[in-house]
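# What the coordinates show
Spelled out, the chains give:
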Amino acid sequence: MKTILIIGSGIAGMSAAISLAEQGIHSVLVSPFPSERSQSVMAAGGINAALDHLDEGDSVESHIQDTLKGGCYIAGQTAVEGLCRTAPDTIRWLESLGTVFTLNKNGKIDQRAFGGQSHKRTCYAGSSTGKQIVSALVMECRRFEAKGLIERKTWYDFHSGLIRDGRCYGALLYNEAFRTLEPIYADAVIMATGGQNALFGKTTGSTQCDGYAAGRLFMQGAELKNLEFIQYHPTTLETSQKRMLISEAARGEGGRLYYLENGKRVYFMEDLYGPKGNLMPRDVVSRAMYETGKDIFLDVSFLGKDVIDSRLPEVRDLCKKYRGIDITKESIPVSPSVHFFMGGLAVDNQHETNIRNLFAIGECASIYHGANRLGGNSLLAAIHGGKTAASCIANRSEETAAEAPDFTDFIQAENQKLSDSMQSQSQFPVMYIRDLVAENMWDLLGIVRDEETLDRGIDELTYYISIAEKIHYDSSVLAYFNYSLVGILTLAKATLISAKERRESRGAHYRSDHPQTDEAFQYASVIRYDEGAYTVRLDKEGRYER
Amino acid sequence: MNVKIKRQRSPFSEPYWETFAYTGSPDASVASVLDDLNYRDDITDIDGNPVPRISWECSCLQGMCGGCAMVINHKPALACETFLRDLGDELILEPLSKFMVISDLVVDRGVIQNNLLLTDSYIGQYKPSSPKEYEHQYAAAKCLKCGLCLEVCPNYTQGKSFFGAAFANDCYLVATRSGSFDTSIQKEYAEHFAKGCSKSLSCVDVCPMHIPTLASIAKMNRKA
C-alpha cells in the first residue's frame, strides 16, 4: 500500500490528505503544530467561484480571464482553467463538509466584490473564511484518521528531502519533543509549507511560514519559479507586534482610500481609475499608494455601524483592540506590506516539481497566480492544488518507497551537524542574522526596485551565506532556527537574483530602471542552484505550468 | 516593569522561576514583551546573568490561532491580545498547567485533538441543518483549540474522562450537522461532558473567540 508524506497541515495539506484518503491512500500529515495554528486560519476575505448566485452574469470564463489578466499573462492558461472550472464544485464540497458560508436573503451562498474581478465572485464565511474552512477540514481529516488513512504527526519540522538521482523517496524530519532527526520514507512527498514570510521578518502572515523548505529543496536540486513576484497588500495597519491585514473586504464593501492635501481628502484611486478604483488589483493599488508619497487612509465609517457590525466585524475589532481606532467614526491609517508570494517551488500542472515524486501545493508552490494574485484565489488554489496532486499520485502505479536507496550516510552526517550545533556554548543569536536579512529585504525588494540596489543585496546575501555555516549559534533556541538559516538565506539570494534578471516591470515586480512591460519577458522565470551557482532562465518551453 | 517567568528546559526537567526587566511601552502586548526580551543581542535576567532564550509558541500574533495561550498574572489568556496597560506593576507568565510542558511556555495540547478523535467527533454524512443554527455553528467553528477553557475549568484535570468546553462545542457541531453520528455523539457528550460539568461557566468568560458555549451545552442537553 502506498504511503504519501505531506509536510504542512493547513488547508492545502489537509485537502491533499482528504483527497488521498477518499481514494483509499494512506498519508502521514506532518506539522510542528496542529492545523488550528496554520496560516490558513488567517485568510479572512473569501474564496472565489463563479456561482452567479447574484444574477450578475458571472461565468467560469470571466473568472479565468480575470485570473490570467490579474497575473499579467504569465500564469499557465490550462492550469488556470482547471482552477476556475472546478471552483463551483470546490465550494459545494466545502459546504458538504460543514463550512458555514454566509448566505444571502435567498438562502444561497453570498458573494462579494474583490479587487481585479469583473463580478461579485468571492464567497465568504463571515469575517473568518479561512478559519471556517480549517474547522471543516479538520473534522473531515479526523474521520479518516479514525479509519487509519490519515496519520497526523505534530512537533515535527521539515529538515531535508531524501532525494537521489532526481527522485524523492521521503524526507528527514526533526522531532521537536525528542530533539532527534527521523527519516520517513514515502512513495511521494507533498510540500504544503506556505510562503517565505521569514525573508521579510514579520509580514501579515504566520511566523511559522518561513520558506526554509523551499530554500533547502532548492539546494537539493528543486527548481524555483517567479520568486520576484511578491504581493504587497495595499491595506495593512501598523501595530506594536506586526503589520496587520485590513481585509480587502473593507474596500469590497465600499471602503475608500484617500490622502490629505491642504486639509482636503484626495480620493486618488478614484481619480486615477474611476468609481471602481479602490478595487483595482493589489499590485496597482499598492504602487499608486507608494507613488503619492503621502500618508494614506481607508475610510469605511460612512458605511454605517450596521454594515460594519454585520460585514466587517473582524476589521472593527482589530482596529479597536490594537490601535484604539473606532472605524465607525475614524479612518484607518494604512500602508502596503508584504502579504503573499506568487513565487515558490516550480510545479507542473499536476503540482509535481522537477524532482520525481516531489510535489508542492498551496503558497509554497508557484502556479496559477502569475505576476499578481487576485484576492480570493489563494484559498481556492490551496484546495484545488491539494486535490490535483492527490489525483496525480493516486493514478501513478509505482511504489517508490520500496525501492529507496540507502540514505544512512546522509542521515548520519546531518545528525552529526545538528549534534555539533546543539553543543555550542555561543550566545550568538541566529535570529539576529534573520532579522538583519529581513531588514535588508524590506529595503531591497520593496514595491519599486532597481538593479543597483538588487546588486548590493546580492553581495550582502553572499556574505551572510559565507559566514552562516561558520558561526556557532545559541543552542538555547530551537534547533530548527539554527539549521534553517542557510536555506532561508539561499532562498533570499535566489529571490534577489530573480528580481535582477527580470529587466521589465510586470504585476508585483516594478523596476524603476525598466518601467515598461516587455513582451520578451512574458514567461515565468525559473531559477536553479548547482553547488553555489544560481542560473535563471525564462520558461519559454513551458516546462512547468501551461 | 519586572517580568517573572516560570521556565522549564524540557519535558523531563524541573521548572524554575526567572525574572527579567522590561522597559517598553505600556501599550505593548505580552507577545511583544517576549519578542523584545528574546531578540536582544544578549538575554540576561534582572541581575545581569546570561540565561537561555524564552520558548513560547506563536503563529498569527493577532488572536486568530490560539498558539500563545498561557497563564498571565494568574489568568489564562492569549499573549498577543493581552496588553501591559491592563495589568499591574508586575507581569507573571506561566505555561498552561493542565498540559505537558515541552519547553518554558510551550505546552503539548494534543490531548484536545486526541479526545475528539477517540469519540468519533466528525460529521460523516452531512445533514444540512436549519439556517437558524448557522450563526451558532459559525461561532462554535471558531474554536481555536487553545486550551484556555480547559485551564480555567474547575472540573477539567488532564482530559482523561471529562473533556471540557472545547469538546462540548464540537459535539454541538456534529450533532446538528451529521446524519450518521448525531446519535453516537450524544452518548459521548453525556459521558465525557454532561456527567462532569458543574456549570461554573468560567469557560465562557475566558474564551478569546467569545463562543456561546452555554448555548451549545443547552442545545446538547435538550437533545439528550
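Along each chain, numbering runs from 1 in the same order as the chain's sequence is written. Chains carry letters and ligands carry numbers; both start at the beginning, A for chains and 1 for ligands, and go up in the order they are written. For a predicted model such as this one, the threshold for reporting local features is a pLDDT of at least 70, and the threshold for listing and counting side-chain atom pairs is 80 or more; totals across whole chains, interfaces and linings nevertheless cover every residue.

### Notes on the overall build of chain A
Inclusion rule: Strands here are runs of E lasting at least two residues and helices are runs of H or I lasting at least four, both read from the DSSP assignment and numbered beginning at the N terminus. Just to be clear, the radius of gyration here is over C-alpha atoms, and the globule rule we use is 2.2 Å times residues to the power 0.38. Think of it as a crowd count around each C-beta: if 20 or more other C-beta atoms lie within 10 Å the residue is buried, if 12 or fewer it is exposed, and in between it is partly exposed, with C-beta placed from the backbone throughout.
A tally of regular secondary structure across chain A gives 17 helices and 24 strands. The C-alpha radius of gyration of chain A comes to 23 Å, within 12% of the 24 Å expected for a compact globule of 546 residues. Its C-alpha atoms give chain A principal-axis dimensions of roughly 70 × 50 × 45 Å. Taking all 546 residues of chain A together, the buried fraction comes to 57%.

### Some words on the sheet that holds strand S18 (residues 344-346) of chain A
Residue and element names in this part refer to chain A. Here is the rule: Pairing between two strands is assigned when DSSP locates at least 2 bridges connecting them. Throughout, a pair of residues is in contact if the C-beta atoms placed from their backbones lie within 7 Å. Axes here mean lines fitted to C-alpha atoms, for a helix over just the part in contact, with angles spanning 0 to 180 degrees between N-to-C directions.
Spatially, S20-S18-S11-S23-S24 is the arrangement adopted by the 5 strands of the open sheet, whose pairing is mixed. Among the strands making up the open sheet, the edge pair consists of strand S20 (365-366) and strand S24 (533-538). The sheet contact formed by strand S23 (residues 525-530) and S24 spans 6 bridges and is antiparallel. If you follow Arg528 over to S24, its bridge partner there is Thr535. Seen against the sheet, helix H6 (residues 212-219) touches strand S11 (224-225), S18 and S23 and runs at an angle of roughly 40° to S18.

### A look at the interface of chain A and chain B
Accessible area lost during the coming together of the parts is what is often quoted as the interface size. Operational definition: Three classes are used, and their members are as follows: Ala, Val, Leu, Ile, Met, Phe, Trp, Tyr, Cys and Pro are nonpolar, Asp, Glu, Lys and Arg are charged, and the others, Gly among them, are polar.
Contacts between the two partners involve 43 residues from chain A, matched on the other side by 46 residues from chain B. Elements with a minimum of two residues in the side of chain A that touches chain B: helix H5 (129-146), helix H11 (313-323) and helix H14 (430-444) of chain A. For the side of chain A that touches chain B, the element with the highest residue contribution is H5 of chain A, accounting for 9 residues. Looking at the side of chain A that touches chain B, its residues break down into 17 nonpolar, 15 polar and 11 charged.

### Topic: the pairing of S23 of chain A
All names here are of chain A. Pairing of S11 with S23, which is carried by 2 bridges, proceeds in the antiparallel orientation. Among the inter-strand pairings, Lys225 is bridged to a residue of S23, identified as Val526. Here S23 hands over to S24 after 2 residues, with Glu531 in that stretch at a positive phi of 45°.

### Overview of the domain arrangement of chain B
Residues and elements named next belong to chain B. Under the convention used in this document: For each domain, the first and last residues come from an automatic or database assignment.
Along its sequence, chain B is carved into domain 1 (2-108) and domain 2 (110-223). The gap between the C-alpha centroids of domain 1 and domain 2 is 29 Å. Every element with two or more residues in the side of domain 1 that touches domain 2 is listed here: strand S3 (69-72) and strand S4 (75-78). Class assignment for the residues of the side of domain 1 that touches domain 2 results in 8 nonpolar, 3 polar and 3 charged.

### Looking at the domain arrangement of chain A
All names here are of chain A. Segmentation of chain A into domains returns domain 1 (3-229 + 342-403), domain 2 (232-338) and domain 3 (423-518). Its C-alpha centre places domain 1 at a distance of 29 Å from the equivalent point of domain 2. At the junction of the two partners, domain 1 supplies 17 residues and domain 2 supplies 21 residues. Here the side of domain 1 that touches domain 2 is built from residues that sort into 5 nonpolar, 10 polar and 2 charged.

### Some points on the nonpolar core
Residues and elements named next belong to chain A. So the rule is basically this: Each nonpolar core comprises buried Ala, Val, Leu, Ile, Met, Phe, Trp, Tyr and Cys residues, the members being joined through C-beta atoms within 7 Å.
Core analysis: the biggest nonpolar cluster contains 200 residues, and Ile6, Val189, Ile190 and Leu345 have the highest contact counts within it. Excluding residues within four positions of it along the chain, Ile190 makes contact with Ile4, Ile6, Ala16, Phe359, Ile361 and Ala389. Formed by 30 residues, the second largest nonpolar core is a distinct cluster that contains Leu257, Leu279, Val285 and Ile332.

### Notes on the sheet that holds strand S7 (residues 156-164) of chain A
Residues and elements named next belong to chain A. Ordered by their spatial adjacency, 3 strands build an open sheet running S7-S8-S9, and the pairing between neighbours is antiparallel. Unpaired on one side and paired on the other, S7 and strand S9 (180-185) mark the two borders of the sheet. For this sheet, the mean angle separating the axes of adjacent strands, direction not counted, is 30°. The pairing of S7 with strand S8 (residues 167-175) spans 7 bridges and is classified as antiparallel. Bridge assignment links Phe158 to a residue of S8, and that residue is Leu173.

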